[in-house]
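# Coordinates in review
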Amino acid sequence: QVQLVESGGGLVQPGGSLRLSCAVSTSIFSIYAMGWYRQAPGKQRELVARITGGSSTINYADSVKGRFTISRDNRKNTVYLQMNSLKPEDTAVYYCNTIPTMDAWGQGTQVTVSS
């Protein structure tokens, strides 16, 4: 069973940056398109960034375009999310998963943007 382990969250002031990581336990990581999702309190989980297996296609939600950058290292089975110019509305638990998603999710990593 594929396991997903997110890390890198924390408390940051508005305008700050964080880099999230997601380690994926599978020997066929490179074939999966991957996404970063987030869920804010009282809201549905949303997809904020996606990347194909070979990194040829990358897409972002309008709310994060120009501020977030998704990348991956297929040698390390890891996908990253560089988040710059963070806003309070970016506060959420961030998860990674495949696209389409698997049933199992990781524990997520909390990102709090507050002064």
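Now for a look at the structure at hand. (Residues numbered from 1 in each chain as written. Predicted model: local features only at pLDDT ≥ 70, side-chain atom pairs only at ≥ 80, totals over all residues. Heavy atoms only, no water.)

## Focus on the sheet that holds strand β6 (residues 58-60)
Strand order in the open sheet formed by six strands is β2-β10-β9-β4-β5-β6, with mixed pairing between adjacent strands. With partners counted over all chains shown, the strands left at the sheet margins are β2 (10-12) and β6, one partner each. Recorded for the sheet is a direction-independent mean angle of 25° between the axes of neighbouring strands. Pairing of β2 with strand β10 (residues 109-113), which is carried by three bridges, proceeds in the parallel orientation. Pairing of V12 across the sheet is with V113, part of β10. (Pairing = 2+ DSSP bridges. Helix = DSSP H or I, 4+ residues; strand = E, 2+ residues; numbered from the N terminus. Axes fitted to C-alpha atoms, helices over the stretch in contact; angles between N-to-C directions.)

## A look at the sheet that holds strand β3 (residues 18-25)
Strand order in the open sheet formed by four strands is β1-β3-β8-β7, with antiparallel pairing between adjacent strands. The outermost strands of the open sheet, each flanked by one partner alone, are β1 (3-7) and β7 (68-73). Each strand of the sheet is rotated relative to its neighbour by a mean of 15°, with strand direction disregarded. Bridging between β1 and β3 involves five bridges; their strand directions are antiparallel. Its bridge partner lying in β3, S7 is registered against S21.

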